[in-house]
Amino acid sequence: MPSNQAAIQAPRVTVDINDDVAIVTLNRGRKYNALDMDMFYALDKTATELANNKAIRAVIIRGDGKVFCAGLDVKSIIKNPLNPGKLLKREEGELANLAQKVGYLWRQIPVPVIAVTHGVCFGGGLQIALGADFRYSTADCEFSVMEIKWGLIPDMSGMVTMRELTRIDIAKELTMTGRKFSGIEAEKYGLVTHVCDDPMAAAMTFVDSLKTRSPDAIVAAKSLLNDSWAASEQAVLVLETQTQRKVMGKWNQIIAVTRNFIKKSLPYRKRSI
């Protein structure tokens, strides 16, 4: 098969699960992993399937080739005048539309999600990364809230995720100018968790440390922090108790206690929540 046909037929997203860790790869490297409709549908399907997989302990999102993601493939999207409507249509009963899901659904995956960025992380690519729980980046990775270049505003859940990570004046500046900034600046702004020489290796080391903890407690912690971060004090106190009751006295919590007393790495069971 000619190489160009193979590239066309290659899946937009691949998932490899090893040692209970799902490696999600944006698989359009020849097009800088730009987001066309097939990529939107593939990311929606992938995140939804991973959210229902109780065997995994963590998810890592990365980009194939030279960059993490160059953002929206504008030329591809506008070829069909129906595409913008498909992206923005919110189905009945759904919290997010298709455009928003590719960033927001990572928050709804129960286990920790780490985005590993390199090259560039622009526009929709940045909003995907912001939807992860953690971001590991090279120092020279370029970031941009690039929608303003096209006369648009971020609409892929970035307004939910950015407000948790940075100051509003920084968010306004980046959104209104679309200027490019480095991984070092992104870390300073709170948009990147760690800058590393080898972010993929650092992310894997971090995941290994998480795997020494109860999978139920990790899932409960993510849920509690996401749900309580902007809630009232009263709501947070109620959530703490409700969430604690889900893990206290369960098998994995007993294993965690036993590990501390007998100093042996007893295996955890598949998460129960």
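Before any of the text, the structure's been laid out above.
Residues numbered from 1 in each chain as written. Predicted model: local features only at pLDDT ≥ 70, side-chain atom pairs only at ≥ 80, totals over all residues. Heavy atoms only, no water.

**Notes on the side chain of glutamine 127**
Here is step 1 of the chain: Looking at where glutamine 127 falls in the secondary structure, it is placed in helix 6 (residues 124–131).
Here is step 2 of the chain: A polar contact is formed between the side chain of glutamine 127 and the side chain of glutamate 147, at a distance of 2.8 Å.
Here is step 3 of the chain: Residue contacts for glutamine 127: discarding those within four places in its chain leaves Gly103, Glu147, Pro154, Asp155, Met156, Ser157 and Gly158. (Helix = DSSP H or I, 4+ residues; strand = E, 2+ residues; numbered from the N terminus. Polar contact = N/O pair within 3.5 Å; in protein donor to acceptor, adjacent residues only side chain to side chain. Contact = heavy atoms within 4.5 Å.)

**Thoughts on the packing of helix 11 (residues 215–228) against helix 12 (residues 233–247)**
Here is step 1 of the chain: Running from N to C, helix 11 and helix 12 point in directions that differ by 165°, and their axes come no closer than 10 Å. Relative to helix 12, the element helix 11 is oriented roughly antiparallel. By crossing handedness, the relation of helix 11 to helix 12 is classed as right-handed. Within the contact between the two elements, helix 11 uses Asp216, Ala217, Ala220, Leu224, Asp227 and Ser228 and helix 12 uses Val236, Leu239, Glu240, Thr243 and Val247.
Here is step 2 of the chain: Looking at side-chain class alone, the contact of helix 11 with helix 12 contains six nonpolar, two polar and three charged residues. (Axes fitted to C-alpha atoms, helices over the stretch in contact; angles between N-to-C directions. Parallel < 35°, antiparallel > 145°, perpendicular 65-115°, else oblique. Left-handed = near helix turned anticlockwise from the far one by under 90°. Nonpolar A, V, L, I, M, F, W, Y, C, P; charged D, E, K, R; others polar.)

**Remarks on the sheet that holds strand 9 (residues 194–195)**
Here is step 1 of the chain: Read across the open sheet, the six strands follow the order 1-2-3-4-6-9; overall the sheet is mixed. Two strands close off the open sheet at either side, each with one partner strand: strand 1 (13–18) and strand 9.
Here is step 2 of the chain: Pairing geometry for strand 1 and strand 2 (residues 21–26), over six bridges, is antiparallel. Bridging from a neighbouring strand, valine 13 pairs with leucine 26 of strand 2.
Here is step 3 of the chain: Sheet strands touched by helix 10 (residues 199–210): strand 2, strand 3 (58–63), strand 4 (113–117) and strand 6 (134–137). Its angle to strand 4, the strand with the most contacts, is close to 165°. (Pairing = 2+ DSSP bridges.)

**Some words on the packing of helix 2 (residues 37–51) against helix 5 (residues 98–108)**
The axes of two packed helices give the description: the angle between them and the distance between them.
Here is step 1 of the chain: It is the contact of helix 2 with helix 5, at a shortest axis distance of 9 Å, that shows an interaxial angle of 25°. Between helix 2 and helix 5, the crossing angle belongs to the class labelled roughly parallel. Here helix 2 runs over helix 5; the crossing is left-handed. In this structure, helix 2 contributes Met37, Phe40, Tyr41, Leu43, Asp44, Ala47, Thr48, Leu50 and Ala51 to the contact, and helix 5 contributes Leu98, Ala99, Lys101, Val102, Leu105, Trp106 and Gln108.
Here is step 2 of the chain: Residues belonging to the contact of helix 2 with helix 5 are distributed by class as follows: twelve nonpolar, two polar and two charged.

Interpretation in functional terms is not warranted from these geometric data alone.
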